[in-house]
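Listed here are the chains, written in short residue letters.
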Amino acid sequence: MPLFMFVSGFLMVYTTRNRNKSLNDLGLFFSNKVRRLLLPLAFLTVVTFVPRVLLSSFADEEVKFSLGTLLRSLFYKDSLIIPFFWFLHASFILLTINYLALTLGSILKIRDWIVYSAVTLIFVVLVCLPWNFGQFLSLYKVKDFGIYFVLGAVYCRYSEYVDRYINWSSTKFFIMSAILWSVAFYYFEGTLYMPLCSIVGIVMCISFARILESNDIKILEPFIGANYMIFLLSWYFNIFSQQVLHSFMDMPWWFFTTISFVSGVYMPWLIYRFMKKHHADSGLVRVMAFLLGQSFKSQNKKLTEKESITSMA
């Protein structure tokens, strides 16, 4: 999750760094994140609620059928119908806070490094304070993971300077960071020094990604274009293979783990491919894509531009 938050901060700056930020941009950014994050969370919660109640016997905790339970599951981390979706709350809040800070900095003509330093300091202080931020909107997770989000934003903004001093694509550097991460994980797990382990792990992942890039290895190319919300559907296939199916079949653990991994990766991808193929001629598919935060407009625009260039040639 620290890596995910780091990437989220990086992408926020990467996709908005050239915009002339204004309060109007802030409104558009906010509404877009509601549509891309909170709407899918609400949709998947409502869709999953009744099946989750009926399958409580297969789960670790029972869920009662009531309107209060459903409403609470939308806002409180400890009541989420899908417990692992807490990061949607945290991501939305972190995106809003950081983009607001950058927008105000742009309007007030404050240097970027001052804005980033201030936001970083705020999250460092929050981590050190013994305050209990509670379960509402997963605020205590915002406190715990906010620093990684800010570090991702800072790295994107100043990567051209950082990259001058670090040879990310060096195999030796990757091996050294992997060894350091392994040692740190062994000794720091469950301690106050665990964030250092997470940061080393992020460095290791950046190095690995740069090695793949330098060797033109595109293992994730088939998944390009799919919103990561689509891959949250993997939860359903994971639950089916590791809990429901496991209750009816007596097979070794690796059998269910393999099924869980393969279906968790490729079934959401197949759903994305189906929506991409049929969204233009099916209103139902367009509605489903909208509710899952998936947009095909930018892809259609690129395709149209490519066709225009081809016809002109």
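Only a predicted model underlies this, so the values are computations on that prediction, with no experimental measurement involved.

Along the backbone of the chain there are 12 helices and zero strands. Secondary structure elements in the chain, listed N-terminal to C-terminal, are α-α-α-α-α-α-α-α-α-α-α-α. The C-alpha radius of gyration computed for the chain amounts to 22 Å, which stays within 12% of the reference 20 Å derived for 313 residues, consistent with globular compactness. Across the 313 residues in the chain, those meeting the buried criterion constitute 36%. Nonlocal contacts in the chain, meaning residues at least 24 apart in sequence, comprise 71% of its contacts between residues at least 6 apart. For the chain, the exposed area adds up to about 19300 Å²; of that, 68% sits on carbon and sulfur atoms. Each charge class in the chain can be summarised by its mean position, and for the 27 positive and 17 negative side chains these summaries are 7 Å apart.

Okay, helix H7 (residues 171-188) next. Under the 1.5 Å per step criterion, the end-to-end length of H7 is 25 Å for 18 residues, consistent within 8% with the ideal 26 Å. Regarding H7, the residues found buried are Ser177, Ala178 and Ala184. Along the long axis of H7, the arc covered by the buried residues comes to 135 degrees, so they all point the same way. Residues of H7 that are exposed and angled more than 90 degrees away from the buried face: Lys172, Met176, Ile179, Tyr186 and Tyr187. Tucked into the core, H7 has its buried residues touching helix H8 (194-214).

Now for the packing of helix H9 (residues 234-248) against helix H10 (residues 253-278). Put simply, H9 and H10 touch, their axes get as near as 8 Å, and they point 150 degrees apart. Accordingly, the angle class assigned to the pair H9 and H10 is roughly antiparallel. When the axes of H9 and H10 are compared, the crossing they make is right-handed. Of the residues in H10, those in contact with Ser234, Phe237, Asn238, Ser241, Gln242, Leu245 and His246 of H9 are Phe256, Thr257, Ile259, Ser260, Ser263, Gly264, Met267, Pro268 and Ile271. Along the lines of polarity and charge, the residues of the contact of H9 with H10 split into seven nonpolar, nine polar and no charged.

The subject of this paragraph is the side chain of Ser177. Within the secondary structure, Ser177 sits in helix H7. Here Ser177 falls in the buried class, since its relative accessible area comes to 7%. Contact partners of Ser177, with chain neighbours within four places excluded, come to Val200, Val203 and Met204.

So, about the nonpolar core. Within the largest apolar cluster, 62 residues are counted, with the highest numbers of intra-cluster contacts made by Met5, Met12, Phe85, Leu88 and Phe123. Counting only elements with at least two residues in this core, the list comes to helix H1 (2-16), helix H2 (23-54), helix H4 (86-107), helix H5 (112-128), helix H6 (139-162), H8, H10 and helix H11 (283-291). Among the elements that line this core, the one with the most residues is H4, at 11 residues.

Moving on to the packing of H7 against H8. H8 packs onto H7 with a crossing angle of 155 degrees between their chain directions and a minimal axis gap of 9 Å. As the angle between them shows, H7 and H8 are arranged roughly antiparallel. Like other packed secondary-structure pairs, H7 and H8 cross with a definite hand, here left-handed. On H8, the residues that touch Thr171, Phe173, Phe174, Ser177, Ala178, Leu180, Trp181, Ala184, Phe185 and Phe188 of H7 are Met194, Cys197, Val200, Gly201, Val203, Met204, Ser207, Phe208 and Ile211. Of the residues in the contact of H7 with H8, the class split is 15 nonpolar, four polar and no charged.

On to the environment of Phe43. Relative to the helices and strands, Phe43 resides in helix H2. For the pair formed by Phe43 and Gly293, sequence separation is 250 residues and the distance between their alpha carbons is 10 Å.

When the terminal C-alpha atoms of H8 are compared, their 30 Å separation across 21 residues agrees well with the 30 Å that a helix rising 1.5 Å per residue should span. Where H8 is concerned, the buried positions are Cys197, Ser198, Val200, Gly201, Ile202, Met204, Ile206, Ser207, Ile211 and Leu212. Taken together, the buried residues of H8 touch H1, H6 and H7. Directly beyond the C-terminal end of H8, a positive phi value near 55 degrees is found at Asp216.

Rules and cut-offs
- Residues numbered from 1 in each chain as written.
- Predicted model: local features only at pLDDT ≥ 70, side-chain atom pairs only at ≥ 80, totals over all residues.
- Heavy atoms only, no water.
- Helix = DSSP H or I, 4+ residues; strand = E, 2+ residues; numbered from the N terminus.
- Rg over C-alpha atoms; globule rule 2.2 N^0.38 Å.
- Buried < 20%, exposed > 50% of the residue type's maximum accessible area, 1.4 Å probe, protein only.
- Contact = heavy atoms within 4.5 Å.
- Areas by Shrake-Rupley, 256 points an atom, 1.4 Å probe, with all protein chains shown as cover.
- Lys, Arg positive; Asp, Glu negative; His and termini not counted.
- Charge placed at Lys NZ, Arg CZ, Asp CG, Glu CD.
- Expected span 1.5 Å × (residues − 1).
- Arc of directions from axis to C-beta.
- Axes fitted to C-alpha atoms, helices over the stretch in contact; angles between N-to-C directions.
- Parallel < 35°, antiparallel > 145°, perpendicular 65-115°, else oblique.
- Left-handed = near helix turned anticlockwise from the far one by under 90°.
- Nonpolar A, V, L, I, M, F, W, Y, C, P; charged D, E, K, R; others polar.
- Core = buried A, V, L, I, M, F, W, Y, C linked by side-chain atoms within 4.5 Å.

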